[in-house]
Number of protein chains: 2
Amino acid sequence: MHTNKTIDLPDHIKYENTELTIDNVSAVELIKEYGTPLFVISEKQVRQNYNRLRKAFSRYPDCTIAYSYKTNYLPAVCNILHHEGAGAEVVSAFELLLAKKLGMPSSKIIFNGPGKSDKEIEMFIGDDIALVNADSMEELERINQIAKAKGKIVDVGIRVKPDVPDFFVCPKFGMDIATGQAFKAYQKASELKNLNVVGMHAHIGTKICSTRSYTEGIRQMAKLMSKVNAELGIEFEFFDIGGGFGVPSFTPLFPTEEKVESTATIEQFGESIVEAFLSCISDYNLSEPTLVLELGRIIITDPALILTMVEGTKVIGGSTKTVVVDAGVNLIMFAPYYYHRIVPVVNTERAKEAVDVYGPLCMQMDVLGVNRKLPVLVRGFFLAILDAGAYSISLSQQFIRPRPPVVMVNGGRKRLVRRGETFDDIFNLNSV
Amino acid sequence: MHTNKTIDLPDHIKYENTELTIDNVSAVELIKEYGTPLFVISEKQVRQNYNRLRKAFSRYPDCTIAYSYKTNYLPAVCNILHHEGAGAEVVSAFELLLAKKLGMPSSKIIFNGPGKSDKEIEMFIGDDIALVNADSMEELERINQIAKAKGKIVDVGIRVKPDVPDFFVCPKFGMDIATGQAFKAYQKASELKNLNVVGMHAHIGTKICSTRSYTEGIRQMAKLMSKVNAELGIEFEFFDIGGGFGVPSFTPLFPTEEKVESTATIEQFGESIVEAFLSCISDYNLSEPTLVLELGRIIITDPALILTMVEGTKVIGGSTKTVVVDAGVNLIMFAPYYYHRIVPVVNTERAKEAVDVYGPLCMQMDVLGVNRKLPVLVRGFFLAILDAGAYSISLSQQFIRPRPPVVMVNGGRKRLVRRGETFDDIFNLNSV
């Protein structure tokens, strides 16, 4: 079960007197205007996280950070990141269309995914996007066929699977380096006349806390690159190591304390990865490809929180006090599996007690936090569930209740970036 | 992991020559018209499941079956069940509003939930709905206050927790019988002047495979009823044992083979529950309250399936062949945890092989079936994922791809009951 932790608030969240503010906007005022539950995102913190990342990787001169749309595809979020210079990592026609509508040039879009449809392949071939990472032999052949039919030559990368300690990715993704499958894919691709092989891609998993798996994975990829270059004459423009950086506020579901002491910082990820990559470039005599990172969680987790109201409390003989709030796993699906900081909106001097915090759904898995020390709560008190930006809105459900609005705050100002759903929004697709 | 099973198809699904039909509608024709992925629901099977339930409980003359909206709140599904005579079990204002829009009389609506908002309580008090099951002392008091302010007296039940073997419900739900907490709640409620206590409610969990937990729970509830009646003079109109019946096609996540030999049939649930209840009525001298059942999963699981296309296949050295299809956990969230039958849309005489079936999402948990024997699959083949009606559409996500249409079939006819989403449906709530 989750343990209690010391709660350090991120920079943009403060108490002014006793009231929580998000980038100088009062949480109480936001609740008065929009009610609960409510998503609030700090624009400043989104920008800051992105720029920390840029800086952390700046020692390598040619580094592209592509924002992983699926993590949180709110147009307002994607837009801010694009204005800061981020590219887009998309995995469907829907996400590609969004990137285009937001004005992203094709040259800054990367397309991934284990099950690309013909229609999707046609879209990106027509679009000349920066890099398509093929996930299987079948996909390489299919991209080639469609490119041929269109009379185009397409730049592709190939998704490979290095063998690293933290690696856990199901077999639908990529091609194995160790068994020689990945090399065979390059061989195959080099024979297909409408493909121009320019990249290598890997994504070693998600919520990786240490830098070690990246540095080991990079070495295996660089070795394969060198072999592919020497034997097949392929020149690499892109070295794409995916995403998966863990964030400090998350505790893994099965914490392996002896293996992972703490989560690496953005700066530590940057330093170790660039160091490992530069050393591989030198050892394997690579021609300095663009280093591509596909990141979402580490950018968007802590800028967002959910404001929620206590709907009721209950004590069952012998068990911890139960608190039911009006935001649940309908809004933040993975909450039961991770550690989300939960803080009061009004931080009074009331005594604290340990409580279990549940959402309002008629579902057993609807648990937000266990054994949390919070000021004695009664109905009507407000809480903020922090670290709520990643895989929340994009996985949210129209389950039991319509989905709430999303407000973006910035230096004391606020704006509604997604309005709350109405009954009609949900049912206007239906007929009986 | 899931084991392979003999696949017996439900009555409404057949092969005509080699092609799958759903209630005499060709799956191939549906795919031609609507594409994949596609939800298909058999109206006949919905009606049949409901009527089997009615019949199974008919030995008790006063039995109400309330359909659990959250399981699948498609208006077309709710509507069919209401036409057959089912009531509505709702857990939010959103669901209450839907029931009203579908023309349900208030007298056939039951309202549950562990976190009812003031607004929701106001709505149902204004509406004189059949039964409100209060979940905590706090809620009893709050319902009383709001009823008082409106000058109304409200019929309420109280959600209690019996102590039964299969019971696993988190502490946010109901009040404990064993510790005396449930009796205290009745005591409290009987003192509140704007409440008229008329019911007892329990919901012992979900996917319960044996009848034993129900029969034991019923005895504990009946004993409490008798005590409440004798000591507090409360007359019970409703004995509400919730839902939770397992369905045969599901394997529990942690199967306890020695405890549960197989899932009880609808008829076995009916016989055992009615038998136990009649015997309690006699033993505890109860005045024959209405027996209420709140069921969803057992009604709507097998009428629905998802038609999906193989996007690609892959073999990694030593592991089972991987098949990626175009429907994933975005459409059927709990698929990785249960056994969904998967059958080919065209059942050729091709040799069979064992495959792992994955959805198209860039997520590791996106697994639909492991080690399934299917005709050798290549890209473009179609599969049907059966048992897909419960907790699928109501938990579906706008993740990576828009959500697909839903077609209802009936005796060779078909109608679109929910159109597929467009890009604009998803983004029209947003601004940047």
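Calculation notes
Residues numbered from 1 in each chain as written. Chains lettered and ligands numbered in written order. Predicted model: local features only at pLDDT ≥ 70, side-chain atom pairs only at ≥ 80, totals over all residues. Heavy atoms only, no water. Helix = DSSP H or I, 4+ residues; strand = E, 2+ residues; numbered from the N terminus. Domains from an automatic or database assignment. Contact = heavy atoms within 4.5 Å. Buried area = accessible area lost by both parts, 1.4 Å probe. Pairing = 2+ DSSP bridges. Polar contact = N/O pair within 3.5 Å; in protein donor to acceptor, adjacent residues only side chain to side chain. Phe/Tyr/Trp six-rings, centres within 6.5 Å; stacked < 30°, edge-to-face > 60°. Buried < 20%, exposed > 50% of the residue type's maximum accessible area, 1.4 Å probe, protein only. Salt bridge = Lys/Arg side-chain N within 4 Å of Asp/Glu carboxyl O. Axes fitted to C-alpha atoms, helices over the stretch in contact; angles between N-to-C directions. Left-handed = near helix turned anticlockwise from the far one by under 90°. Nonpolar A, V, L, I, M, F, W, Y, C, P; charged D, E, K, R; others polar. Least-squares fit on C-alpha atoms with pLDDT ≥ 70 in both. Expected span 1.5 Å × (residues − 1). Parallel < 35°, antiparallel > 145°, perpendicular 65-115°, else oblique.

Undergrad: Tell me about unusual backbone geometry, and name the residues and values.
TA: Residue and element names in this part refer to chain A. In this structure, the amide linkage connecting Thr 36 to the following residue, Pro 37, adopts the cis form with an omega of -10 degrees. Inspection of the secondary structure assignment puts Pro 37 in the loop between helix 1 (27-34) and strand 4 (38-42). Backbone geometry places Ile 400, a non-glycine residue, at a positive phi of 70 degrees. As for its position among the elements, Ile 400 is in the loop between strand 19 (382-385) and strand 20 (406-410).

Undergrad: Quick one: what's the story with the domain arrangement of chain A, residue by residue and with numbers?
TA: All names here are of chain A. Entries for chain A in the domain assignment read domain 1 (13-35 + 303-427) and domain 2 (43-299). Once you take the C-alpha centre of each, domain 1 and domain 2 turn out to be 33 Å apart. On the domain 2 side, the residues contacting the 21 residues of domain 1 number 20 residues. With both sides pooled, the region where domain 1 packs onto domain 2 buries about 1900 Å², and carbon together with sulfur makes up 62% of that total. Broken down residue by residue, the surface that domain 1 buries against domain 2 is led by Pro 303, Tyr 338 and Tyr 391, which jointly contribute 32%.

Undergrad: With reference to specific residues and values, describe the sheet that holds strand 3 (residues 25-26) of chain B.
TA: Residue and element names in this part refer to chain B. Strand order in the open sheet made by the three strands is 1-2-3, with antiparallel pairing throughout. At either end of the open sheet lies a strand with only one pairing partner, and these are strand 1 (13-16) and strand 3. One ladder, built from two bridges, connects strand 2 (residues 19-22) with strand 3; its direction is antiparallel. By the bridge assignment for strand 3, Ile 22 is matched with Val 25.

Undergrad: Provide a residue-level description of the side chain of Asp 366 of chain A, including the pertinent values.
TA: Positionally, Asp 366 of chain A belongs in the loop between strand 17 (352-358) and strand 18 (367-375). At 2.8 Å, the side chain of Asp 366 of chain A forms a polar contact with the backbone nitrogen of Leu 361 of chain A.

Undergrad: Report on the packing of aromatic side chains, specifying residues and quantitative values.
TA: Aromatic ring pairs are reported here in terms of the distance separating the ring centres and the angle at which the planes meet. All names here are of chain A. Under the definition given, this model contains 34 aromatic pairs over all chains. Between Phe 57 and Phe 245, the aromatic rings sit 6.3 Å apart at their centres with planes inclined by 15 degrees, giving stacked as the arrangement. Here Phe 57 is found in the loop between helix 2 (43-56) and strand 5 (63-68), whereas its partner Phe 245 is found in the loop between strand 12 (238-240) and helix 9 (266-283), with 188 residues between them in sequence. Residue classification places Phe 57 among the buried residues on the basis of a relative accessible area of 1%. Between Tyr 67 and Tyr 69 the ring centres are 6.1 Å apart and the planes differ by 50 degrees, which places this aromatic pair in the tilted class. By relative accessible area, Tyr 69 is classed as buried at 0%.

Undergrad: So what's going on with the interface of chain A and chain B? Which residues, and what values?
TA: One frequently used descriptor of interface size is the decrease in accessible area upon assembly of the parts. Each partner contributes to the interface: chain A provides 85 residues, whereas chain B provides 85 residues. Here chain A meets chain B over a buried area of about 7200 Å², counting both sides, of which 59% is carbon and sulfur. A per-residue breakdown of the area chain A buries against chain B is headed by Lys 172, Gln 364 and Leu 429 of chain A, which together make up 11% of the total. The tally of links from chain A across to chain B stands at eight salt bridges.

Undergrad: Account for helix 3 (residues 75-84) of chain A, naming residues and giving values.
TA: Residue and element names in this part refer to chain A. Most of helix 3 is tucked away, with eight of its 10 residues classed as buried. Among the residues making up helix 3, those that are buried are Pro 75, Ala 76, Val 77, Cys 78, Asn 79, Ile 80, Leu 81 and His 82. Taken from the residues just after helix 3, Gly 85 is the one with a positive phi, measuring 115 degrees.

Undergrad: Please give an account of the pairing of strand 1 of chain B that cites residues and values.
TA: In this structure, strand 1 of chain B lies alongside strand 2 of chain B, joined through four bridges in antiparallel fashion. Following the sheet pairing, Lys 14 of chain B is matched in strand 2 of chain B by Thr 21 of chain B.

Undergrad: Give me the lowdown on the packing of helix 7 (residues 181-191) of chain A against helix 8 (residues 212-232) of chain A, citing residues and values where you can.
TA: Residues and elements named next belong to chain A. Between helix 7 and helix 8, the shortest axis-to-axis distance is 11 Å and the interhelical angle comes to 35 degrees. Read as a crossing pair, helix 7 and helix 8 show a hand that is right-handed. Residues Ala 182, Phe 183, Tyr 186, Gln 187 and Ser 190 of helix 7 form the contact with helix 8, whose own contacting residues are Leu 224, Lys 227, Val 228, Glu 231 and Leu 232. Of the residues in the contact of helix 7 with helix 8, the class split is six nonpolar, two polar and two charged.

Undergrad: Before we move on, can you summarise the relation of the copies chain A and chain B with the specific residues and values?
TA: Expressed as a screw transformation, the operator carrying chain A onto chain B has a rotation angle of 180 degrees and an axial translation of 0.0 Å, and the superposed copies differ by an RMSD of 0.0 Å. Each copy turns onto its partner about a two-fold axis. Identified as the residue of chain A closest to the rotation axis by C-alpha distance is Gln 397 of chain A, at 2.8 Å. By residue overlap, the copies meet face to face through one surface: 100% of the interface positions of chain A are interface positions in chain B.

Undergrad: Which residues make up the environment of Asn 285 of chain A, and what are the values?
TA: All names here are of chain A. Relative to the helices and strands, Asn 285 resides in the loop between helix 9 and strand 13 (290-295). Asn 285 gets classed as exposed once you look at its relative accessible area, which sits at 69%. Sequence spacing of Asn 285 and Thr 206 is 79 residues, and the spatial spacing of their C-alpha atoms is 30 Å.

Undergrad: Break down the sheet that holds strand 3 (residues 25-26) of chain A for me, citing the residues and quoting the values.
TA: Reading across from one edge, 1-2-3 (chain A) is the order of the three strands in this open sheet, with antiparallel pairing throughout. Only two strands of the sheet have a single partner each, and these edge strands are strand 1 (13-16) and strand 3 of chain A.

Undergrad: Please provide a residue-by-residue account of the pairing of strand 19 of chain A, values included.
TA: Residue and element names in this part refer to chain A. Relative to strand 19, strand 14 (residues 304-314) runs antiparallel, the two being bridged by four bridges. If you follow Leu 307 over to strand 19, its bridge partner there is Ala 384. Note: strand 16 (residues 342-344) against strand 19, three bridges, orientation antiparallel. Looking at the pairing, Ile 342 lines up with Ile 385 of strand 19.

Undergrad: Could you give me a rundown of the side chain of Arg 401 of chain A, with the residues and numbers involved?
TA: For Arg 401 of chain A, the position within the fold is in the loop between strand 19 and strand 20. Only 3.0 Å separates the side chain of Arg 401 of chain A from the backbone oxygen of Gly 115 of chain B, close enough to count as a polar contact. Apart from residues no more than four positions distant in its own chain, Arg 401 of chain A is found in contact with Glu 311, Asp 326 and Pro 360 of chain A together with Ser 92, Phe 94, Gly 115 and Glu 120 of chain B.

Undergrad: Let's hear about helix 8 of chain A: which residues, and what values?
TA: Residues and elements named next belong to chain A. Between its first and last C-alpha atoms helix 8 spans 30 Å; for 21 residues at 1.5 Å apiece the expected length is 30 Å, and the two agree. In this structure, the buried side of helix 8 is in contact with strand 9 (154-161), helix 7, strand 11 (195-201), strand 12 and helix 9. In the segment just after helix 8, Gly 233 is the residue with positive phi, at about 70 degrees.

Undergrad: So what's going on with the packing of helix 5 (residues 118-127) of chain B against helix 6 (residues 137-149) of chain B? Which residues, and what values?
TA: All names here are of chain B. Look at helix 5 against helix 6: their axes get within 10 Å of each other, and the N-to-C directions meet at 55 degrees. What the angle tells us is that helix 5 and helix 6 run oblique. For the pair helix 5 and helix 6, the sense of crossing is right-handed. In contact with Asp 118, Ile 121, Glu 122, Phe 124 and Ile 125 of helix 5, helix 6 contributes Arg 142, Ile 143, Ile 146 and Ala 147. For the contact of helix 5 with helix 6, the class distribution of residues is six nonpolar, no polar and three charged.

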